[in-house]
Amino acid sequence: MTTTTIRVLIADDQAMVRQGFTVLLGAEPDIEVVGQAVDGADAIAKVAQLAPDVVLMDIRMPGIGGIEATRRLTEEPGSPVKVLVLTTFDLDEYVYDALRAGASGFLLKDASAAELAHAVRVVAGGDALLAPTITKRLIAEFSRMTKAPRGPLKDRVAGLTQRETEVLSLIAHGLSNAEMAERLVVAEQTVKTHVSRILVKLGLRDRTQAAVFAYETGVVRPSGS
């Protein structure tokens, strides 16, 4: 059985961080660090050159920062690269902008080797890093920054079926496909089909964008609001 190797690019302006993550990920049999970038502009150039599957992107870098680099990479038509944002603080205000820019999730820089490898695999697999409680809190907090549901976005929800809207709500609450299947009493493959259709109909890249979309349009309200 052939195992696909996940190609990773590490973008951070601190050499020690880049080297540390390179060593940690290099120990994983299914992950290969194909390059390092010192800032956002370098990351964009290296992605074009090396075609990584996942970019570990620091937010605060000189010149073109991680948010703008993420936006440019994910808005490219047909671009398969996924961005996993790196941050020092679990409530970094810039993480909200990174999620909106198209990041598939975020990871704290003090994550363990196992957490780092898991995050890379989850994002590379086309899923989003939504399971940790801290991530759900971030998305909920991010949504509070939006004063009211954005009209043009809200109009797009009308194209979803009732079941798809329900699945979108469950995505925003961080449920996995297996958990949604159990909640809705359907097969997991059926849930996967619903998720795929939701992403296509709404023009979204992954579950993280779907969760943010759900909050922005009022499909889901943050706890306590």
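One can find the structure itself at the top, above this paragraph.
In this text the structure is predicted, and so the values were computed from the model without any measurement. All residue numbers refer to positions counted from 1 along the written sequence of the respective chain. A pLDDT threshold of at least 70 governs which residues receive local features in this predicted model, and a stricter bar of 80 or more applies before side-chain atom pairs are shown or counted, although totals over entire chains, interfaces and linings include all residues. Hydrogens and water molecules were not included; the side-chain quantities draw on all heavy atoms of the structure.

**Digging into the overall build of the protein chain**
Thinking step 1. Helix and strand counts for the protein chain stand at 11 helices and 5 strands.
Thinking step 2. Remark: exposure states derive from per-residue accessible area (1.4 Å probe, protein chains only) relative to the maximum for the residue type, with buried under 20%, exposed over 50%, and partly exposed in between. The buried share of the protein chain, reckoned over its 225 residues, is 49%.
Thinking step 3. The contact criterion used is simple: two residues touch if any of their non-hydrogen atoms lie within 4.5 Å. Across the protein chain, every contact between residues at least 6 apart in sequence was considered, and the portion connecting residues at least 24 apart equals 68%.
Thinking step 4. For accessible areas, the Shrake-Rupley method is used with a probe of radius 1.4 Å. Any residue's cover is judged against the shown protein chains and nothing else. Surface accessibility of the protein chain: about 10,800 Å² in total, with carbon and sulfur atoms responsible for 53%. The numbering of helices and of strands both runs from the N terminus, where a helix is a DSSP run of H or I of at least 4 residues and a strand a run of E of at least 2.

**Regarding helix α2 (residues 40–50)**
Each full turn of the α-helix corresponds to 3.6 residues, which orients residues three or four apart in the same direction.
Thinking step 1. Residues of α2 that are buried include every one of Gly40, Ala43 and Val47, and no others. Taken around the axis of α2, the buried residues stretch over an arc of 50 degrees, which confines them to a single face. Seen from the open side of α2, the exposed residues pointing more than 90 degrees away from its buried face are Ala48 and Gln49.
Thinking step 2. Where α2 is buried, its residues contact β1 (6–11), β2 (31–37), β3 (54–58) and α3 (66–75). Summarising the geometry, the arc corresponds to the directions from the helix axis toward the C-beta atoms.

**A short note on the nonpolar core**
Thinking step 1. Throughout, nonpolar core names a set of buried Ala, Val, Leu, Ile, Met, Phe, Trp, Tyr and Cys residues whose side chains join them through atoms within 4.5 Å. Core analysis: the largest hydrophobic core is formed by 23 residues, its most contacted members being Val167, Leu168, Met180, Val195 and Leu202.
Thinking step 2. Secondary structure elements with two or more residues in this core: α8 (162–172), α9 (177–184), α10 (188–202) and α11 (207–216).
Thinking step 3. Contacts of methionine 180, omitting those with residues within four sequence positions, involve Val167, Leu170, Ile171, Leu175, Val191, Val195 and Arg207.
Thinking step 4. Within the second largest apolar cluster, 19 residues are counted, among which are Ala11, Met57, Ile67 and Val85.

**Considering the packing of helix α1 (residues 15–26) against helix α5 (residues 113–124)**
Thinking step 1. Only the stretch in contact is used when fitting a helix axis, every axis being a line fitted to C-alpha atoms; angles between N-to-C directions are given from 0 to 180 degrees. Between α1 and α5, the least distance of the axes is 10 Å, while the angle of their chain directions is 80 degrees. In terms of orientation, α1 and α5 fall into the roughly perpendicular class. For the pair α1 and α5, contact is made by Phe21, Leu24 and Leu25 and by Ala113, Leu116, Ala117 and Val120, respectively.
Thinking step 2. Class assignment of the residues belonging to the contact of α1 with α5 gives a composition of 7 nonpolar, no polar and no charged. Should an angle fall under 35 degrees it is taken as roughly parallel, and over 145 as roughly antiparallel, whereas 65 to 115 is taken as roughly perpendicular and any remaining angle as oblique. Think of it as three bins: nonpolar holds Ala, Val, Leu, Ile, Met, Phe, Trp, Tyr, Cys and Pro, charged holds Asp, Glu, Lys and Arg, and polar takes everything else, Gly as well.

**Points about the pattern of salt bridges**
Thinking step 1. The salt bridge definition used is simple: a Lys or Arg side-chain nitrogen within 4 Å of an Asp or Glu carboxyl oxygen. For the structure on display, the rule yields 9 salt bridges.
Thinking step 2. The salt bridge involving arginine 121 is made with aspartate 30; its shortest N-O contact spans 2.7 Å. Taken together, the positions of arginine 121 in helix α5 and aspartate 30 in the loop between α1 and β2 put the pair 91 residues apart, joining distant regions of the chain.
Thinking step 3. Across the pair glutamate 166 and arginine 163 runs a salt bridge, and its minimum N-O distance is 3.1 Å. With glutamate 166 and arginine 163 both in helix α8 and 3 residues apart, the pair spans about one turn of that helix.
Thinking step 4. Residue classification places arginine 163 among the partly exposed positions, given a relative accessible area of 31%.
Thinking step 5. Here the salt bridges share partners, and the residues they tie into one network are Asp12, Asp58 and Lys109.

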